[in-house]
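Architecture at a glance
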Amino acid sequence: MATSAEARSGTGLPALFEARDLTRRFGAIDALTGISLRVGEGAIGLIGPNGAGKTTLIRILLGLLAPTSGSAAVFGLDPGRDGLAIRERVGYMPEQDCLIPHMTGVGFVAYMGQVSGLPEDAAFQRAHEVLQFVGLKEERYRKLSEFSVGMRQRVKLAQALVHDPPLLLLDEPTSGLDPGGRSGMLALLRLLAERPGRSLVLSTHLLGDVERVCDQVVMLSNGTLLTSGSLAALLGSAGAELTVKVRGDVDAFVRAATARGLEPRRGTTTAELRLPRPAMGEEAIFAAALESGTQIRYLGPSVSTMEELFLSLVDRPKAGATA
Amino acid sequence: MSLHPPRYSLAPPTLRPHASRVQVVFWATVRERLGAMNIVLLAFIFTVVLLQIIIPFYFATLVPGLANGPELSFFYLPFASQVWFFFVVLLTASVGAGVIANDLATRSITMYLARPITHLDYLVAKAAAVAVWITIAVVAPTLLGTTIVLALGYVPLPLALQAAGAFLGVGILTIVAFTGLAVLVSSAAPKSAYAAAAIFGLLAGAEIVAFVAWTISGEPAVLYLSVEQDVLATAQAAFHVPGGVLDPTGAAAILIALGAVTFYLAWRRLATIDAVAE
């Protein structure tokens, strides 16, 4: 499985984090069930609906929660034994509002840097720099209790960045932001993702955010791994199935296509068909249409977006799983 | 919005060792508790304690032969008046209530525990900060008062040193018990206001309950339930004041055990907190 995931990501890089048959139960509830994956450096989207197990996975990776069974590793370190060493190298941006309200922006970010081990002068210098980066240069001396939702999100990003960690764990960073704020935050994340030697994990249920920022994805649903790997590769492999919309005698087209070795099946409407991408090329589809006297009104990959990919995998959880 | 990644102008620093991170949290918490109310309470405490230490020796000087000159038991007066104790309880509630409860209420505890410190580090830093404040209220004024009466020539040096040792010993027991109780209540309360009420109730209320129970039952052992009575019992022994109804060794053991058990329970409580909540 690990090899499969790595091969699908196509990175071949040392694992940023990995899990082997990772399971975590809370009483009768299985938060994670037998997760096995291996993720290399880069921008990774950790996606899934609420309750998918994203936060549980983050807690385990940070060394704040022990798995019920299985194992995990971050930078090759065991989170259970080397949690402090891992947290030195990770910047975590939580989803919920958890700032210290009476502190100023720069005071808070510098304080968090110092708790991560930065000397005081370096912590303050970096606090100023990261607050400028996230667009809070003018507001850095205001108390956090006076900050808007968007500003709070940016401060949370700044405190995760202040000690310049090689890995950022960002939990729903665009939560609560208006469209403008969301776009700005995603632009920041994209810049961060492009830094060499730096990785980020974007945990979200907003698939569009992942498409804009990430080059790898880990998809979870109900505590199980749907798939993981390179975003381009996943969308590419998902695009192996084509959707054809036909005008005219659909049955005649189906017969003609079947005679040419294609395997069309009915889609969501009577005029819509789905079929594997023909090995001999898409000309076979047009030839079948010509032969049956029908018109091709649409021809394209059945899955072209993360959302479609995710929904297709949720519908077929076992087929899409890399385990 | 600026759209440039941070350009760190300092070379990547070597991260400071683990202990220094705990110190950062400790000092930040000490400063955070520096509120106007706590300053006022400390002013009351210093005033009360200094007056209660200096005045008996002053009158002993004015009236030669009074109580056969200065004695160690003169230093017991701050304990006997109970005013000092009341203000120390108030200060403990004021300082200790929010020390963890505020972090839980704002969920900023997430920010601490997702960093390279453990639950125990966090608790030690917070407890040490509370202990500093209680030390300022319990040990500092007594040592200052002792120094003043020594400087004024009211007491000889050996007696002053003996008193300072007694104040320090009783003070440490008080700090241990009060700090443990404060951090436990603060870690268990959903709001700092509730924690303050609970700390005050457990420290001051227990005295009333124990005293009433003793009056009704006539059994002095129930006084062990009161932290104040335990402190008084150890202070009576330390300052050679006769007439105590409790065994000072037992009372001291209770204070130490109270501090240790409450600290342990606070640690267990913190370990159950989800730093990264769903």
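Residues numbered from 1 in each chain as written. Chains lettered and ligands numbered in written order. Predicted model: local features only at pLDDT ≥ 70, side-chain atom pairs only at ≥ 80, totals over all residues. Heavy atoms only, no water.

1. With respect to the overall build of chain A
Of the regular secondary structure elements, chain A holds 13 helices and 13 strands. Each principal axis of the C-alpha atoms in chain A carries an extent, and together these give about 75 × 45 × 35 Å. Of all 323 residues assigned to chain A, the portion counted as buried reaches 54%. Partitioning the contacts of chain A with sequence separation of at least 6, the portion at a separation of at least 24 is 69%. For chain A, the exposed area adds up to about 12900 Å²; of that, 51% sits on carbon and sulfur atoms. The average position of the 34 basic charges and that of the 35 acidic charges among the side chains of chain A differ by 1 Å. (Helix = DSSP H or I, 4+ residues; strand = E, 2+ residues; numbered from the N terminus. Buried < 20%, exposed > 50% of the residue type's maximum accessible area, 1.4 Å probe, protein only. Contact = heavy atoms within 4.5 Å. Areas by Shrake-Rupley, 256 points an atom, 1.4 Å probe, with all protein chains shown as cover. Lys, Arg positive; Asp, Glu negative; His and termini not counted. Charge placed at Lys NZ, Arg CZ, Asp CG, Glu CD.)

2. Looking at the sheet that holds strand S12 (residues 272–276) of chain A
All names here are of chain A. With respect to topology, 4 strands assemble into an open sheet ordered S11-S12-S10-S13, the strand pairing being antiparallel. The open sheet terminates on both sides in strands that have one partner only, identified here as strand S11 (265–266) and strand S13 (295–301). Bridging between strand S10 (residues 241–247) and S12 involves 5 bridges; their strand directions are antiparallel. Following the sheet pairing, Glu241 is matched in S12 by Pro276. With respect to the sheet, helix H11 (residues 283–292) is in contact with S10, S12 and S13, its orientation differing from that of S13 by roughly 160 degrees. (Pairing = 2+ DSSP bridges. Axes fitted to C-alpha atoms, helices over the stretch in contact; angles between N-to-C directions.)

3. Quick look at the interface of chain A and chain B
Each partner contributes residues to the interface: chain A has 49 residues there, and chain B has 39 residues. Buried surface at the junction of chain A and chain B, summed over both partners, amounts to about 4100 Å²; 63% is from carbon and sulfur atoms. The largest share of the area that chain A buries against chain B comes from Gln96(A), Tyr111(A) and Val115(A), three residues that together contribute 14% of it. When the shortest N-O distance is used, the salt bridge between Arg21(B) and Glu88(A) registers 2.6 Å. The tally of links between chain A and chain B comes to 11 residue pairs in polar contact (both at pLDDT 80 or more). Mapped by element, the contributors of at least two residues to the side of chain A that touches chain B are helix H2 (54–61), helix H3 (83–88), helix H4 (105–115), helix H5 (120–133), helix H6 (149–161) and helix H7 (179–193) of chain A. (Buried area = accessible area lost by both parts, 1.4 Å probe. Salt bridge = Lys/Arg side-chain N within 4 Å of Asp/Glu carboxyl O. Polar contact = N/O pair within 3.5 Å; in protein donor to acceptor, adjacent residues only side chain to side chain.)

4. Thoughts on the sheet that holds strand S1 (residues 15–26) of chain A
Residues and elements named next belong to chain A. Pairing is antiparallel in the open sheet, where 3 strands are placed in the order S2-S1-S4. Every interior strand has two partners, whereas the edge strands, strand S2 (29–40) and strand S4 (69–74), have only one. Each strand of the sheet is rotated relative to its neighbour by a mean of 20 degrees, with strand direction disregarded. Contacts from H2 reach S1, S2 and S4, with the element oriented near 115 degrees to S1.

5. Re the packing of aromatic side chains
With the rule as written, the count across this model stands at 18 aromatic pairs over all chains. Plain terms: the ring middles of Phe86(B) and Phe200(B) are 5.9 Å apart, the flat faces sit at 85 degrees to each other, and that makes the pair edge-to-face. Of this pair, Phe86(B) sits in helix H4 (residues 83–96) while Phe200(B) sits in helix H10 (residues 192–217); the two residues are 114 residues apart in sequence, bridging distant segments of the chain. Judged by relative accessible area, which is 40%, Phe86(B) ranks as partly exposed. Ring geometry for Phe211(B) against Trp214(B): centres 5.8 Å apart, planes inclined by 70 degrees, an arrangement best described as edge-to-face. Here Phe211(B) pairs with Trp214(B), and both are found in helix H10, just 3 residues apart, close to one helical turn. Connected via pairs of aromatic rings, a cluster forms that spans Phe57(B), Phe74(B), Phe75(B), Tyr76(B), Phe79(B), Trp84(B), Phe167(B) and Phe239(B). The ring of Phe75(A) has Arg89(A) sitting right over it, with the charged end atom 4.0 Å from the ring centre. (Phe/Tyr/Trp six-rings, centres within 6.5 Å; stacked < 30°, edge-to-face > 60°. Lys NZ or Arg CZ within 6 Å of the ring centre and 35° of its normal.)

6. Structural notes on the confidence of the model for chain A
Low-pLDDT stretches of the model should not have their predicted coordinates read in fine detail. All names here are of chain A. The share of residues in chain A with pLDDT of 70 or more is 90%, and the mean pLDDT across the chain is 84. Confidence scores differ between elements of chain A, with helix H1 (residues 2–9) showing the lowest mean pLDDT of 40 and H4 the highest of 96. Here residues 1–11 is modelled with pLDDT under 50, and outside its nearest four sequence neighbours on either side it reaches 27 contacts, counting other chains as well. Residue range residues 317–323 is modelled with pLDDT below 50. Its contacts to residues more than four positions away, or to other chains, number 15 contacts. (pLDDT = per-residue confidence, 0-100.)

7. Description of a nonpolar patch on the surface
Residues and elements named next belong to chain B. Together, Leu51, Ile55, Tyr58 and Phe59 make up a nonpolar patch on the protein surface, roughly 370 Å² of accessible area in all. For Phe59, the position within the fold is in helix H2 (residues 36–62). Under the relative-accessibility criterion, Phe59 is labelled partly exposed at 43%. (Patch = residues over 30% accessible without salt bridge, like charges linked within 9 Å, V, L, I, M, F, W, Y side chains within 5 Å.)

8. Some points on H6(A)
Taking 1.5 Å of rise per residue, the 13 residues of H6(A) would be expected to cover 18 Å, and the 19 Å separating its terminal C-alpha atoms lies within 8% of that figure. Extensive coverage of H6(A) is indicated by the burial of 10 of its 13 residues. Buried residues of H6(A): Met151(A), Arg152(A), Gln153(A), Val155(A), Lys156(A), Leu157(A), Ala158(A), Gln159(A), Ala160(A) and Leu161(A), and no others. On its buried face, H6(A) is in contact with strand S5 (90–93), H4, H5, strand S6 (167–171) and H7 of chain A together with helix H6 (109–113) of chain B. (Expected span 1.5 Å × (residues − 1).)

9. A few points about helix H12 (residues 248–271) of chain B
Every α-helix winds through 3.6 residues per turn, so residues three or four apart in the chain are directed the same way. The end-to-end C-alpha separation of H12(B) is 35 Å, in line with the 34 Å expected for 24 residues at 1.5 Å each. Buried positions along H12(B) lie against helix H5 (98–106), H6, helix H7 (119–138), helix H9 (157–188) and helix H11 (227–238) of chain B.

10. Re the packing of H5(A) against H6(A)
Residue and element names in this part refer to chain A. H6 packs onto H5 with a crossing angle of 135 degrees between their chain directions and a minimal axis gap of 9 Å. Judged on the interaxial angle alone, H6 and H5 are oblique. Regarding H5 and H6, the two cross each other, and that crossing is right-handed. Contacts between H5 and H6 involve Val130, Leu131 and Phe133 from the former and Val155, Ala158 and Leu161 from the latter. Broken down by class, the residue content of the contact of H5 with H6 amounts to 6 nonpolar, no polar and no charged. (Parallel < 35°, antiparallel > 145°, perpendicular 65-115°, else oblique. Left-handed = near helix turned anticlockwise from the far one by under 90°. Nonpolar A, V, L, I, M, F, W, Y, C, P; charged D, E, K, R; others polar.)

11. Considering unusual backbone geometry
You will see that Phe75(A), though not glycine, has its phi angle at about 55 degrees, which is positive. Position of Phe75(A) among the secondary structure elements: in the loop between S4 and H3. A relative accessible area of 18% places Phe75(A) in the buried class. With a phi angle near 70 degrees, Gln82(B) is a residue other than glycine that sits in the positive phi range.

12. Considerations on the domain arrangement of chain A
How big an interface is tends to be stated in terms of the accessible area lost upon association of its parts. All names here are of chain A. Assigned domains within chain A: domain 1 (4–230) and domain 2 (240–320). For domain 1 and domain 2, the distance between their C-alpha centroids amounts to 39 Å. Counting the surface lost from both domain 1 and domain 2, the interface buries some 850 Å², and carbon and sulfur atoms represent 80% of this. When the buried surface of domain 1 facing domain 2 is broken down by residue, Leu207, Met219 and Leu226 rank first, second and third, together holding 58% of it. Between domain 1 and domain 2 we count 0 salt bridges in total. Taken together, the connections running from domain 1 to domain 2 amount to 0 residue pairs in polar contact (both at pLDDT 80 or more). Only helix H8 (207–213), strand S8 (216–221) and strand S9 (224–230) provide two or more residues apiece to the side of domain 1 that touches domain 2. (Domains from an automatic or database assignment.)

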